[in-house]
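If you want the building blocks of each chain, they are given just below.
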Amino acid sequence: MQKAIEQADRIVGELGERPVAAMAYSTSWAARLTNDDGEPVFPQAREWLRSRQHADGSWGGSVPNAYDRLVSTVAAVLALCEVRGGDGADWATTAVRAGVDYLRDHASDWRGAVGEPIGFEVVAPHLVEQARSADLLAIDSLTELVRLRDDKLSRVPPGALSAQPTGLLYSLEALGDLVPLPEMAKFSATNGSMANNPAATGALWASTKDPAALDYLHEAARSAGGGGMPEIYPINVFEPSWVIYLLGRAGLVPPSAKEHVERLATLAGDTSEPLGVSAEFPVPDSDDTAMVANVSHAFGYESTSLLESLLSFEADDHFVGFAHERGAPVSANARVLEAFAQQPDRFAAQIAKATTFLVDSREESAWWYDKWHLSPYYATAQAVFGLAGTAAADTLAGTWRWLLEGQLADGSWGVAGGSAEETAYAVLSLDALAPAHGPLPADVRRRAHAYLREHLDTTDHVELWIGKGLYTPPTVVRAAVLAACVVSREAGE
């Protein structure tokens, strides 16, 4: 156990260094930014795109997802159109041609697909209209995309977009035809960003040339490394709270965790308001608020004010993640349920509401899918963590069977051939269900542990988290893998 605690301490010690890996969508927007003389601000972003085009001509995460491949590929094609021919870059011309060929065949594959990204309803029509204006392509689903945008915007009160911070700030790059972008600078964070999002901040800088925005973009690029841009930066609430929570599920409490929990508890104590993904983020959400409440409570801090702030997310039959969102988040409701369970008498009605929502949201009476992660193993794990303490034991019997039946021959679990992250969530789910359904069967445990141990030192994981495209928070994933490796080992190992 001491070795595992040392490994956990190293993971916690790396918080903030590379919170989010580079991804195609954000990098494509960075590649389009130019100085007054027309030179690229981030020439390395173009090289990043050059080396990461898939064999079929698309860009996006390594696990194919129609939404991600559409927005990432259109964004990359638009970026590379601006460099081909100007500097003799024949590779860009070839890359654009391959990207357009991919889009002609697959641009409407998003219909009926799962895993819709953040802001897809405003980002996708904006990008596709830009591609049409550039005479690159026209797709038959544009009308449907425009309807999605209209539906999204109809949920925002009139005038709210420019009057107060909303979740749409995260997709500012797609809002230029709705609001004057320079006017939105009033919502900039203290770090110079627009909602901690490189693409949105790039649009702000392009319209204002604010040096603080440019400084932020350089810092975001540095954090991701390799010339690319992350989905979001920083995530100084999300990253430490998730990492410490996941390690805690295996009883791992590294010495370095205390200072991070103290900072989170202090941040929560400084306000009676809910929290966001970082201290700078302009819009709070129930998921991060509940997670900080859970971690703070585990370390002995008072969490009542956070629990009370969660009531602002309460809807008729569930809890929203963000205001004005489309679709109810399974993971956020599970996190809220787990948080309210700290004071079951005081929040009995809310516990019942979240429990009913989660039970009713199951697929095949066994598993869950969520809007923030591509894998059902993530959503199922969060639901199990919440329900294991509140639902009747037989409620999750189907989940127990589904998890056991899903293990692959190499000991892993996953939607695309198995991955360390998904295997971790499956193992942690089974561990949480063990008090009611028994310990992991020996063969399941042995094969899972061998697979996880083989991937303990992996630093680059497949992109399964859903932002505006698919992305990875490496430290969060590593914490999950280490925790699952610990709970799946033999006694005394």
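Notes on the structure follow. (Residues numbered from 1 in each chain as written. Predicted model: local features only at pLDDT ≥ 70, side-chain atom pairs only at ≥ 80, totals over all residues. Heavy atoms only, no water.)

Quick notes on helix 9 (residues 198-208)
Right, on to step 1. Of all 11 residues that make up helix 9, eight are buried, and the element is covered over most of its length.
Right, on to step 2. For helix 9, the complete set of buried residues consists of P198, A199, A200, T201, G202, A203, L204 and W205.
Right, on to step 3. The secondary structure elements touched by the buried residues of helix 9 are helix 2 (24-31), helix 10 (211-224) and strand 2 (229-230).
Right, on to step 4. In the segment just after helix 9, K209 is the residue with positive phi, at about 55 degrees. (Buried < 20%, exposed > 50% of the residue type's maximum accessible area, 1.4 Å probe, protein only. Helix = DSSP H or I, 4+ residues; strand = E, 2+ residues; numbered from the N terminus. Contact = heavy atoms within 4.5 Å.)

Remarks on the environment of A189
Right, on to step 1. Within the secondary structure, A189 is located in the loop between helix 8 (160-163) and helix 9.
Right, on to step 2. Sequence separation of A189 and A213 is 24 residues, and the distance between their C-alpha atoms is 9.3 Å.

Notes on unusual backbone geometry
Right, on to step 1. Along the chain, Y233 connects to P234 via a cis peptide bond; the corresponding omega equals -10 degrees.
Right, on to step 2. Locating P234 in the fold gives a position in the loop between strand 2 and helix 11 (238-248).
Right, on to step 3. The residue D135 is not glycine, and still its phi comes out positive at about 60 degrees.
Right, on to step 4. By secondary structure assignment, the location of D135 is in the loop between helix 6 (120-133) and helix 7 (142-154).
Right, on to step 5. Here D135 falls in the exposed class, since its relative accessible area comes to 71%.
Right, on to step 6. Backbone geometry at K209 places phi at a positive 55 degrees, although glycine is not the residue there.
Right, on to step 7. Within the element layout of this structure, K209 appears in the loop between helix 9 and helix 10.
Right, on to step 8. Note on K209: relative accessible area 37%, which makes it partly exposed.

A closer look at the side chain of R69
Right, on to step 1. Relative to the elements of secondary structure, R69 occurs in helix 4 (residues 66-81).
Right, on to step 2. Looking at R69, its side chain comes within polar contact range of the side chain of H54, at 3.4 Å.
Right, on to step 3. Reaching out from R69, the side chain makes a polar contact with the backbone oxygen of G61 at a distance of 2.9 Å.
Right, on to step 4. With sequence-adjacent residues up to four places away left out, R69 is seen in contact with H54, D56, S58, W59, G60, G61, S62, V63, P64 and Y102. (Polar contact = N/O pair within 3.5 Å; in protein donor to acceptor, adjacent residues only side chain to side chain.)

Some details on the packing of helix 9 against helix 10
Right, on to step 1. As a packed pair, helix 9 and helix 10 sit with axes 9 Å apart at the nearest point and diverge in direction by 150 degrees. Viewed along their axes, helix 9 and helix 10 adopt a mutual orientation that is roughly antiparallel. As for how helix 9 packs across helix 10, the hand of that crossing is left-handed. Residues P198, T201, G202 and W205 of helix 9 lie in contact with helix 10, whose contacting residues are A213, L214, Y216, L217 and A220.
Right, on to step 2. Split by residue class, the contact of helix 9 with helix 10 holds seven nonpolar, two polar and no charged. (Axes fitted to C-alpha atoms, helices over the stretch in contact; angles between N-to-C directions. Parallel < 35°, antiparallel > 145°, perpendicular 65-115°, else oblique. Left-handed = near helix turned anticlockwise from the far one by under 90°. Nonpolar A, V, L, I, M, F, W, Y, C, P; charged D, E, K, R; others polar.)

A look at the nonpolar core
Right, on to step 1. Formed by 171 residues in total, the largest nonpolar core has its most connected members in Y25, F42, F120, L127 and W465.
Right, on to step 2. Tallying contributions element by element places helix 4 first for this core, with 11 residues.
Right, on to step 3. Setting aside residues up to four positions removed in sequence, F120 forms contacts with Y67, L70, V71, W110, P125, L145 and L148.
Right, on to step 4. Counting five residues, the second largest nonpolar core, distinct from the first, contains V63, L374, I466 and L470. (Core = buried A, V, L, I, M, F, W, Y, C linked by side-chain atoms within 4.5 Å.)

Brief notes about the environment of G228
Right, on to step 1. Tracing the chain through its elements places G228 in the loop between helix 10 and strand 2.
Right, on to step 2. For G228, a relative accessible area of 0% translates into the label buried.
Right, on to step 3. Sequence separation of G228 and A22 is 206 residues, and the distance between their C-alpha atoms is 4.9 Å.
Right, on to step 4. Leave out the neighbours within four places in its chain, and G228 touches A22, T27, W48 and A221.

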